[in-house]
Amino acid sequence: MFPGFWMGEWLTTLVIHNRFPAKAFGHGFQDQSFYLFQQVRAETAKVAWPTRRETLITSMMVFVMVILAALFFFAVDQILGWGVGALLSLGN
């Protein structure tokens, strides 16, 4: 949908448009691949990776929210099921 949006504009230039910078252009496939992986490694080094503690806290928050959502939808389903059953019993 938005080419290169998720990894930056350089990916759009390298892969989508098949244009390599002057440093890699004109060389063989191995040189271009090496240059691409160099750029990926450089971009990966810029990422602010979460700590173990942050990952654990976030995972626990997700787990708790999933449990709460499951309980909520279970309650809504039970109430709606009871309501529909009550309406259908009126017809008998």
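The rules behind each value
Residues numbered from 1 in each chain as written. Predicted model: local features only at pLDDT ≥ 70, side-chain atom pairs only at ≥ 80, totals over all residues. Heavy atoms only, no water. Salt bridge = Lys/Arg side-chain N within 4 Å of Asp/Glu carboxyl O. Buried < 20%, exposed > 50% of the residue type's maximum accessible area, 1.4 Å probe, protein only. Phe/Tyr/Trp six-rings, centres within 6.5 Å; stacked < 30°, edge-to-face > 60°. Patch = residues over 30% accessible without salt bridge, like charges linked within 9 Å, V, L, I, M, F, W, Y side chains within 5 Å. Areas by Shrake-Rupley, 256 points an atom, 1.4 Å probe, with all protein chains shown as cover.

J.: Whenever I open this one, the pattern of salt bridges confuses me. Can you help?
T.: Side-chain pairing between opposite charges can occur once the charged atoms of the two side chains come close. For the coordinates displayed, the defined rule picks out one salt bridge. Close ionic contact of Glu-43 with Lys-46 constitutes a salt bridge, the shortest N to O distance being 3.3 Å. Of the residues examined, Glu-43 reaches a relative accessible area of 27% and is grouped as partly exposed.

J.: Can you walk me through the packing of aromatic side chains in this structure?
T.: Two measures describe an aromatic ring pair: the distance that separates the ring centres and the angle between the ring planes. Tallying each qualifying case throughout the model produces one aromatic pair. Their ring planes at 70° and their centres at 5.2 Å tell us that Phe-72 and Phe-73 sit as a pair that is edge-to-face. Given a relative accessible area of 56%, Phe-73 falls into the exposed group.

J.: Just checking my understanding: could you explain a nonpolar patch on the surface for this structure?
T.: Nonpolar side chains collect at one region of the surface, where Met-60, Phe-63, Val-64, Met-65, Ile-67, Leu-68 and Leu-71 lie side by side and expose about 710 Å² of accessible area between them. The exposed category is assigned to Met-60, whose relative accessible area is 52%.

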